[in-house]
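Breakdown of the fold
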Amino acid sequence: MTTAVTHGSQIRELGPPGLRGICFSCDSMTGLDIAEETARRVGDAAVWYGVGILAHDEELAVRCAEFARRHGLHPLFHPLDLDVCGTDPLDDRVLKAIGARADELGSPWLNVDLAMWVRQGETLLESLVPMPLVDEAVEWAADRIKHAQDVIGRPLTIENAPYPFVVGNQDVLPLMTRIAERADCLMTVDVGHLYGLRMQRGVPARLPSDDGDVAWERVVEAHMSGTFTRRFDEGVLVVDDKHDWPVADEVWALADDLLPRAVNLRSVMAEAEGMNADDLTDSVLRFARSADRWWSTP
Ligand SMILES: [Fe+2]
């Protein structure tokens, strides 16, 4: 299979032709030994490795690239300070550094959650502020994404962020589609984040808009991880993702329903920051056993 996605007036080839499969991530800053052990155990069950690092961490980018090369894995870069939905002005020096890391890794695209990643110069990392789900977000995010793509020189794939709290009343997939079409970028569907958002709102996991208002052809990446659900005494429900927990049955079912619509899907990621090598290996092998259900027939 050769995957091509319309990007502007061009058809852009995305990474090695025909390459699609399972990705895994762990904490690249502290857990490369876990990645090494997992890569040895899973063999060719994984083909991608998700690299989450900061723009200026050249040394870690090079180490991750070498790790991936040793194991026949292809890096997918997830910059941790690419602030596509924040209010600080975008800093071209940071964007150029991100572009250099993408070159070192050879990542075909860069994945970024639609969230505020930086606030007054401080990287938020574990405290992302998800994009408000309102009309005004479309122009704001799209203009920043367009600029970031131009400076970085590679396409971005925008991901639906986790919503431990929700601001705004729109569903995230149609809103992401409007942003992606305006910015001409790719999309990542985090199935666990989507499930959590809809549970948080008390709406069904599948919505009629999934059939008509989503640019599924722009989706190249999907993610899944565990889900934390807690209902407090006053009826307040908190749903969030937990990368060190196994994927819930409801999230597998939602993935089986949605992912075959994504004809250009190249990577499904087992997100696993905080897992040990035993649990991560089990997770990757389970993803690999399920993968045939997610790829649509070329
Ligand atoms: Fe994700």
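Quick caveat, the model's predicted, so the values are computed rather than measured.

Our focus in this paragraph is helix 6 (residues 191–201). Counting buried positions along helix 6 gives 9 out of 11 residues, so the element sits mostly inside the fold. Buried residues of helix 6: Val-191, Gly-192, His-193, Leu-194, Tyr-195, Gly-196, Leu-197, Arg-198 and Gln-200, and no others. If you check the start of helix 6, you find a side-chain oxygen 3.1 Å away from the backbone N of Gly-192, and it comes from Asp-190. A positive backbone phi angle near 75 degrees is found at Gly-202, which sits one or two residues after helix 6.

Moving on to the packing of helix 3 (residues 92–105) against helix 4 (residues 136–152). Remark: helix 3 packs on helix 4, axes separated minimally by 8 Å, with the N-to-C direction vectors making an angle of 55 degrees. Between helix 3 and helix 4, the interaxial angle falls into the category oblique. Of the two elements, helix 3 crosses helix 4, and the hand of that crossing is right-handed. Taken together, the residues of helix 4 that come into contact with helix 3 (itself represented by Asp-92, Leu-95, Lys-96, Ile-98 and Gly-99) are His-147, Ala-148, Val-151 and Ile-152.

Counting residues in hydrophobic clusters, the biggest one holds 91 residues, and the most contacted among them are Phe-24, Met-131, Ile-145, Ile-158, Met-224, Val-268 and Trp-294. If sequence neighbours within four positions are ignored, Ile-145 has contacts with Val-84, Leu-114, Leu-156, Ile-158, Ile-179, Ala-183 and Cys-185.

Before going further, it helps to examine the pattern of salt bridges. The full count for this structure, using the stated rule, is 22 salt bridges. A salt bridge links Arg-261 to Asp-211; its shortest N-O distance comes to 2.7 Å. Within this pair, whereas Arg-261 is found in the loop between helix 8 (249–258) and strand 16 (267–271), its partner Asp-211 is found in helix 7 (residues 209–212), the two being separated by 50 residues in sequence. Residue Arg-261 is classed as partly exposed on the basis of its relative accessible area of 26%. Residue class for Asp-211 comes out exposed when judged on its relative accessible area of 59%. The salt bridge partner of Arg-293 is Asp-256, with a shortest N-O separation of 3.0 Å. With a gap of 37 residues between them, Arg-293 in the segment after helix 9 (277–290) and Asp-256 in helix 8 connect regions that are remote in the sequence. Given the relative accessible area of 43%, Arg-293 is considered partly exposed. Shared partners join several salt bridges into a network, and the residues in it are Glu-37, Arg-40, Arg-41 and Asp-278.

The next thing to look at is the packing of helix 1 (residues 32–42) against helix 2 (residues 58–70). Where helix 1 meets helix 2, the axes come as close as 11 Å, and the angle between the chain directions of the two elements is 10 degrees. Considering the angle they form, helix 1 stands roughly parallel to helix 2. Facing helix 1, whose interface residues are Leu-32, Ala-35, Glu-36 and Ala-39, helix 2 presents Leu-60, Arg-63, Cys-64, Phe-67 and Arg-70. Tallied by class, the residues present in the contact of helix 1 with helix 2 amount to 6 nonpolar, no polar and 3 charged.

Moving on, we come to the pairing of strand 5 (residues 74–77). Where strand 4 (residues 48–51) lies against strand 5, 4 bridges are found, and the strand directions are parallel. Within strand 5, the residue paired with Val-51 across the bridge is Phe-77. For the handedness criterion, the β-α-β arrangement of strand 4, helix 2 and strand 5 is classed as right-handed.

What counts and what doesn't
Residues numbered from 1 in each chain as written. Predicted model: local features only at pLDDT ≥ 70, side-chain atom pairs only at ≥ 80, totals over all residues. Heavy atoms only, no water. Buried < 20%, exposed > 50% of the residue type's maximum accessible area, 1.4 Å probe, protein only. Helix = DSSP H or I, 4+ residues; strand = E, 2+ residues; numbered from the N terminus. Polar contact = N/O pair within 3.5 Å; in protein donor to acceptor, adjacent residues only side chain to side chain. Axes fitted to C-alpha atoms, helices over the stretch in contact; angles between N-to-C directions. Parallel < 35°, antiparallel > 145°, perpendicular 65-115°, else oblique. Left-handed = near helix turned anticlockwise from the far one by under 90°. Contact = heavy atoms within 4.5 Å. Core = buried A, V, L, I, M, F, W, Y, C linked by side-chain atoms within 4.5 Å. Salt bridge = Lys/Arg side-chain N within 4 Å of Asp/Glu carboxyl O. Nonpolar A, V, L, I, M, F, W, Y, C, P; charged D, E, K, R; others polar. Pairing = 2+ DSSP bridges. Right-handed = clockwise from strand over helix to strand, strands pointing away.

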